[in-house]
Amino acid sequence: MIEGVRTMADMTSMAGGSDPTHSPSEIAAAWQRERPGTPTGSIEIVTPIWRLAKLFSDDRVRVLRAAGIDAATLDLLSVIRRSGPPYALSTRELTRRTLVTAGAISQRVARAEREGLVRRAPGTTGRRTVMVSLTDEGHSLIERSVDAVLGREAMLVSGLSDSERDLLAGLLEKLTADVGRRLTDSR
């Protein structure tokens, strides 16, 4: 293996901790040995998060490909589907809920409309308001896709007990909020 280039098998092995030369604690210890005083307290948290993100991301891409949908379209259709009947949102609301730019939403909507997954219509609250709604085909695709993605991800985390999942979810929510605040404060 070329140094710094990792395969999925390498990532799986490392995530499982079977390669102690690359475990987060070994990485932290190596930095302390080579550069005493280097702040390494985050390595045992951030490194596993990065490794898990890579594993989940790669697996999700495979699941989505098999379901016949890409991540951007899944995101768009999911937000509309979760909004409840009549499964329609304004482009402004889509931008807010997906955390992407208005331009990105416009591109996603245009592509999904060409594929027959959504339809656009003028809104009733102003002449510039555009409502985006699921077509029957879009509704069917998101139903199949969300089952495939969430079913697969539920299986991937099934090694944790309910209480472990609750604890981890709470800690991740707390860490995400705190990191977001610290990054906002440092700008």
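What you see is a predicted model, and the numbers here were worked out from it, not measured in a lab.

A separate point is the overall build of the protein. Counting its regular elements, the protein contains eight helices and three strands. Secondary structure elements of the protein occur, N-terminal to C-terminal, as α-α-α-α-β-α-α-β-β-α-α. Taking the contacts inside the protein whose residues are at least 6 apart along the sequence as the reference set, 46% of them involve residues at least 24 apart. Of the roughly 12,600 Å² of accessible surface on the protein, a fraction of 57% belongs to carbon and sulfur atoms.

The next point concerns the sheet that holds strand β1 (residues 88–90). An order of β1-β3-β2 is seen for the three strands of this open sheet, with the pairing classed as antiparallel. If you trace the sheet from one side to the other, it starts and ends with β1 and β2 (118–122), each paired once. Taking the axes of each pair of neighbouring strands and ignoring which way they run, one obtains an average angle of 25° across the sheet. Across the sheet, helix α5 (residues 91–98) lies against β1 and β3 (130–134), angled at about 90° from β1, the strand it touches most. On the sheet, helix α6 (residues 102–114) packs against β2 and β3 and is oriented at approximately 115° with respect to β2.

Following the criterion strictly, the structure yields 15 salt bridges and no others. With a shortest N-O distance of 3.0 Å, Arg33 and Glu34 are connected by a salt bridge. Judged on exposure class, the residue Arg33 and its partner Glu34 are both exposed. Salt bridges here are not isolated pairs; linked through shared partners, they connect Asp178, Arg181, Arg182 and Asp185.

In this section: unusual backbone geometry. Backbone torsion omega between Pro85 and Pro86 reads 10°, so that peptide bond is classified as cis. A positive phi angle, close to 60°, is found at Leu99, a residue other than glycine. Counting through the fold element by element, Leu99 comes out in the loop between α5 and α6. Residue classification places Leu99 among the exposed residues on the basis of a relative accessible area of 77%.

In contact at an axis separation of 10 Å, helix α4 (residues 71–82) and α5 are set at 110° when each is read in the N-to-C sense. Relative to α5, the element α4 lies roughly perpendicular. In this structure, the crossing between α4 and α5 has a hand that is right-handed. Between α4 and α5, the contacting residues are Asp75, Leu76, Val79 and Ile80 on the first element and Leu94, Arg97 and Thr98 on the second.

A few words now on the confidence of the model for the protein. Summing up the model confidence of the protein, the mean pLDDT is 89 and the portion of residues at 70 or higher is 88%. Within the model, pLDDT remains below 50 along residues 1–18, and this stretch shows 19 contacts once partners closer than five positions in the same chain are excluded.

Take helix α3 (residues 43–67) next. Here α3 spans 35 Å end to end across 25 residues, near enough to the 36 Å set by a 1.5 Å rise per residue. Residues of α3 that are buried include every one of Ile43, Thr47, Arg51, Leu55, Asp58, Asp59, Val63 and Leu64, and no others. Count one or two residues on from α3 and you reach Gly68, which has phi positive near 80°.

Our focus in this paragraph is a nonpolar patch on the surface. There is a patch of nonpolar side chains on the surface, built from Ile45, Val46, Ile49, Trp50, Leu160, Leu168, Leu172, Leu175, Val179 and Leu183 and spanning about 850 Å² of accessible area. Counting residues per element, the ones that place at least two in the nonpolar patch are α3 and α8 (162–185). Summarising the element assignment, Val46 is placed in helix α3.

All right, on to the layout of surface pockets then. Roughly 290 Å³ of volume is contained in the second largest pocket. Lining the second largest pocket we find Arg60, Leu74, Ser78, Arg81, Arg82, Ile142, Glu143, Val146, Val149 and Leu150. Sorting the residues of the lining of the second largest pocket by element identifies α4 and α7 (136–156) as the ones contributing at least two each. Partitioning the lining of the second largest pocket into residue classes produces five nonpolar, one polar and four charged.

What counts as what
- Position numbers for residues start from 1 in each chain and track the written sequence from start to end.
- Local features are withheld for residues below a pLDDT of 70 in this predicted model, meaning they are given only at 70 or higher, and side-chain atom pairs are given and counted only at 80 or more; totals for whole chains, interfaces and linings count all residues.
- Derived side-chain values reflect all non-hydrogen atoms in the structure, with water molecules and hydrogen atoms excluded from consideration.
- Only DSSP runs of H or I with at least four residues qualify as helices, and only runs of E with at least two residues qualify as strands; both kinds are numbered from the N terminus onward.
- By definition in these notes, contact holds between two residues if any of their heavy atoms fall within 4.5 Å.
- Accessible surface area values rest on a Shrake-Rupley calculation with a 1.4 Å probe, where residue burial reflects the displayed protein chains alone.
- The pairing criterion for strands is at least two bridges between them, as found by DSSP.
- The axes are straight lines fitted to the C-alpha atoms, using for helices just the contacting stretch, and the angles between their N-to-C directions are given from 0 to 180°.
- A carboxyl oxygen of Asp or Glu within 4 Å of a side-chain nitrogen of Lys or Arg is what we treat as a salt bridge.
- Only protein chains enter the calculation, and the probe is 1.4 Å; a residue is then buried if its accessible area is under 20% of its type maximum, exposed if over 50%, and partly exposed in between.
- Oblique is the label for every angle not falling under 35 degrees (roughly parallel), over 145 degrees (roughly antiparallel), or within 65 to 115 degrees (roughly perpendicular).
- Note on convention: the crossing is left-handed when the near helix lies turned anticlockwise from the far helix by less than a right angle, right-handed when the turn is clockwise.
- Each residue carries a pLDDT value, the predictor's own confidence for that position, ranging from 0 to 100.
- How far a helix is expected to stretch is found by multiplying one less than its residue total by 1.5 Å.
- Think of a patch as exposed residues, more than 30% relative accessible area, with no salt bridge, where like charges cluster within 9 Å and nonpolar side chains (Val, Leu, Ile, Met, Phe, Trp, Tyr) cluster within 5 Å.
- Cavities and pockets are found on a 1 Å grid laid over the protein atoms alone: a cavity is a set of points where a 1.4 Å probe fits but cannot escape, a pocket is an open set with protein on both sides within 12 Å along at least five of seven lines, and a lining residue has an atom within 4 Å of such a point.
- Grid points are joined across faces, edges and corners, and a volume is the space filled by probe spheres set on the points.
- In this classification, the charged set is Asp, Glu, Lys and Arg, the nonpolar set is Ala, Val, Leu, Ile, Met, Phe, Trp, Tyr, Cys and Pro, and all remaining amino acids, among them Gly, are polar.

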